[in-house]
Amino acid sequence: MNQSHSDYLPTATIETLQQRSQLLRAIRTFFESRGYWEVETPLLSRDTVVDAYIDPFLTHWHAAEGTTDNLGEPRYLQTSPEFAMKRLLAAGADQIYQITHAFRQAERGERHNPEFAMLEWYRRGETHHDQMTFVEALVRDVYAEAATVTDSNRHSELPDQPFTRYAYEDAFLQFAGLSALNATAEEFRQTAEQHSISVPADFDTTDCLSWQNLLLVELIEPALGEKGAVFIYDYPASQAALARIRQEDGSAGVAERFELYLQGVEICNGYHELTDAAELRTRIRQQSDIRKREKRPALPAESYLLQAMEAGLPACAGTALGLDRLFMLALGKQTLQEVIAFPVERA
């Protein structure tokens, strides 16, 4: 790789990095004032994500010195501190937060970097609706703090009224004109055709989940961008990840999770958390099967999180928030490279 003589420099200015430091301080104050306490968990673990479409970084741990092959125990750089933080909840923690780095393969662009800053937190006894209220208060606090450290007044871009909340189904009915939960693959295809949406060459036209994701990106997210700050909640059960599923009449149920979009940019992902170990085991198997069909490495069948759930994970809700994206928007920047010191090319 060719390097220029200036590649040792950060892509963000020193002024912006100082502003970022002040926003981090404000976030810690926000959480501590609400009874949360800060935790630290390993970046390297034998556990990894339960998601067929997120690829972790894999390495190997050797107990003996001088060994460099790949025959040691597999260890993963964490895509989120989720597993370890839930283990703390099972051990008795009540409301905890963490500011850490997470790692994901094949993530690169103006709004992606393979290594990124993540804020994650959990609280016992709450639902995803409680978490949406908390997230809105946090975002408003960060924007207000950003206004004090810059010459701009970015927090004025947030609506005076509470952030809009759309159930996933209602968003599809309003902005795509069809049911996300009950439409057939053919109905999704017709909608894409009506809106002149380009379908990738390798697209599975029989898979409703693929259609949901495509229409979300092409129709729903652009519409949300015009509304400033919008929550989407109660996703299809097929997109539950580690959220609870609530059964509803006439559908396969909905996943009790949400995402926040600011100016059309996805900022965070929150769950009313799954606590059923048997269901987690089923989801791990299902996600691994998808990966194996696509000739990708399977996920570990066992995990410390499974052990924690079997011992008793309390009812709780949690949220994972991308700090780099939040800082980018709050400080009025256009790319992540403007708010982080050394992106992957300069790391």
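Preceding this section is the structure that the text describes.
Quick caveat, the model's predicted, so the values are computed rather than measured. (Residues numbered from 1 in each chain as written. Predicted model: local features only at pLDDT ≥ 70, side-chain atom pairs only at ≥ 80, totals over all residues. Heavy atoms only, no water.)

A. Structural view of empty space enclosed by the protein. Per the stated rule, a full pass over the model turns up two cavities of 30 Å³ or more. Split into classes, the residues belonging to the lining of the largest cavity amount to six nonpolar, two polar and two charged. In this model, the second largest cavity occupies a volume close to 40 Å³. Lining the second largest cavity, in full, are Pro42, Ser45, Gln78, Phe83, Ala84 and Arg87. Tallying contributions element by element places helix 2 (residues 82-90) first for the lining of the second largest cavity, with three residues. The residue makeup of the lining of the second largest cavity, split by class, is three nonpolar, two polar and one charged. (1 Å grid on protein atoms, 1.4 Å probe; cavity = no way out; pocket = protein on both sides within 12 Å on 5 of 7 lines; lining within 4 Å. Points joined across faces, edges and corners; volume = space filled by probe spheres on them. Nonpolar A, V, L, I, M, F, W, Y, C, P; charged D, E, K, R; others polar. Helix = DSSP H or I, 4+ residues; strand = E, 2+ residues; numbered from the N terminus.)

B. Quick peek at the layout of surface pockets. In this model, the second largest pocket occupies a volume close to 210 Å³. Surrounding the second largest pocket, 14 residues form its lining, His101, Asn113, Glu115, Ile340 and Phe342 being those nearest its centre. Among the elements that make up the lining of the second largest pocket, the one with the highest residue count is strand 6 (residues 115-124) (three residues). Here the lining of the second largest pocket is built from residues that sort into nine nonpolar, two polar and three charged.

C. Molecular detail of unusual backbone geometry. One non-glycine residue with positive phi stands out, namely Asp234, at about 55°. Structurally, Asp234 is set in strand 8 (residues 229-236). We classify Asp234 as buried; its relative accessible area is 8%. Phi at Lys295 takes a positive value of approximately 60°, unusual for a residue other than glycine. Looking at the element boundaries, Lys295 is found in the loop between helix 7 (277-293) and helix 8 (304-312). (Buried < 20%, exposed > 50% of the residue type's maximum accessible area, 1.4 Å probe, protein only.)

D. Quick look at the pattern of salt bridges. Counted under the stated rule, the structure contains 21 salt bridges. Of the charged contacts, one joins Asp55 and Arg291 as a salt bridge, the two residues approaching to 3.0 Å between their closest N and O atoms. With a gap of 236 residues between them, Asp55 in the loop between strand 2 (44-45) and strand 3 (58-61) and Arg291 in helix 7 connect regions that are remote in the sequence. Here the salt bridges share partners, and the residues they tie into one network are Asp55, Arg291, Glu294 and Arg296. (Salt bridge = Lys/Arg side-chain N within 4 Å of Asp/Glu carboxyl O.)

E. The arrangement of the packing of helix 1 (residues 14-32) against helix 9 (residues 323-330) in detail. Remark: helix 1 packs on helix 9, axes separated minimally by 11 Å, with the N-to-C direction vectors making an angle of 115°. Between helix 1 and helix 9, the angle is such that the two are roughly perpendicular. For the pair helix 1 and helix 9, the sense of crossing is right-handed. Packed against helix 1, whose contacting residues are Arg20, Leu23, Leu24 and Ile27, the element helix 9 presents Leu323, Asp324 and Phe327 at the interface. (Axes fitted to C-alpha atoms, helices over the stretch in contact; angles between N-to-C directions. Parallel < 35°, antiparallel > 145°, perpendicular 65-115°, else oblique. Left-handed = near helix turned anticlockwise from the far one by under 90°. Contact = heavy atoms within 4.5 Å.)

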